[in-house]
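# Analysis of the macromolecular model
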Amino acid sequence: QVQLVESGGGLVQAGGSLRLSCAASGRTFSSYPMGWFRQAPGKEREFVAAISWSGGNTYYADSVKGRFTISRDNAKNTVYLQMNSLKPEDTAVYYCAASNDIIATLGPYDYWGQGTQVTVSS
């Protein structure tokens, strides 16, 4: 079983930056592909970014490409989402997720965190 806890959300002005963290429990964190998703009010949850178990491969939604960066520190059991040039449309609850399948970088994901709110004001 893996537990995921997100942090780092908050209120920021458009054009600003935030860094989200997702701390994972479990000895085998380094074997889990990880992803970030978000859900805005009244909308479905959508994919934001993903990173392979080694960190060697990353994937992004077109809407965040060039502004967001996903990374991981396997020694700290933590995955990060650096968000720059934030826009009001980035406002959402952000969730991290982990997959049991070492090669399933793009899912399906088996474990989910509780989410952290990101609000971008215009």
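This text goes with the structure placed above it.
In this report, we go over the structure that sits alongside the text. (Residues numbered from 1 in each chain as written. Predicted model: local features only at pLDDT ≥ 70, side-chain atom pairs only at ≥ 80, totals over all residues. Heavy atoms only, no water.)

### Focus on the overall build of the chain
We count it as follows: Here a strand is any run of E in DSSP of at least two residues, a helix any run of H or I of at least four, and the numbering for each starts at the N terminus. Here the globule rule is a power law, 2.2 Å times the number of residues to the power 0.38, and the radius of gyration is based on C-alpha atoms. Note on classification: 1.4 Å probe, protein chains only; a residue is buried when its accessible area is under 20% of the maximum for its type, exposed when over 50%, partly exposed between these limits.
Along the chain, the regular secondary structure elements total zero helices and 11 strands. Start at the N end of the chain and walk to the C end: the helices and strands fall as β-β-β-β-β-β-β-β-β-β-β. For 122 residues, the compact-globule estimate of 2.2 N^0.38 gives 14 Å, and the chain sits close to it at 13 Å. With respect to the principal axes defined by its C-alpha atoms, the chain has extents near 40 × 25 × 25 Å. When each of the 122 residues of the chain is scored for burial, the buried share is 44%.

### Quick look at the pattern of salt bridges
Stated formally: A pair is scored as a salt bridge if a Lys or Arg side-chain nitrogen falls within 4 Å of a carboxyl oxygen belonging to Asp or Glu.
Summed over all chains, the structure comprises four salt bridges. For the salt bridge of E46 with R38, the shortest nitrogen-to-oxygen distance reads 2.6 Å. Overall, E46 belongs to the partly exposed group, its relative accessible area being 35%. On the basis of relative accessible area, R38 is assigned to the buried category, the value being 6%. One salt-bridge network, in which partners are shared between bridges, spans R38, E46, R67 and D90.

### Considering the pairing of strand β8 (residues 78-83)
Here is the rule: For two strands to count as paired, DSSP must find a minimum of two bridges between them.
For β8, a buried count of five out of six residues is recorded, marking the element as mostly surrounded by other parts of the structure. Relative to β8, strand β3 (residues 18-24) runs antiparallel, the two sharing six bridges. Within β8, the position partnered with S21 by the bridge is Y80. Direction of pairing for strand β7 (residues 68-73) relative to β8: antiparallel, over a ladder of six bridges. Bridge pairing in β8 links F68 to M83. If you look at the hairpin formed by β7 and β8, you'll find four residues sitting between the two strands, and N77 has a positive phi there, around 55°.

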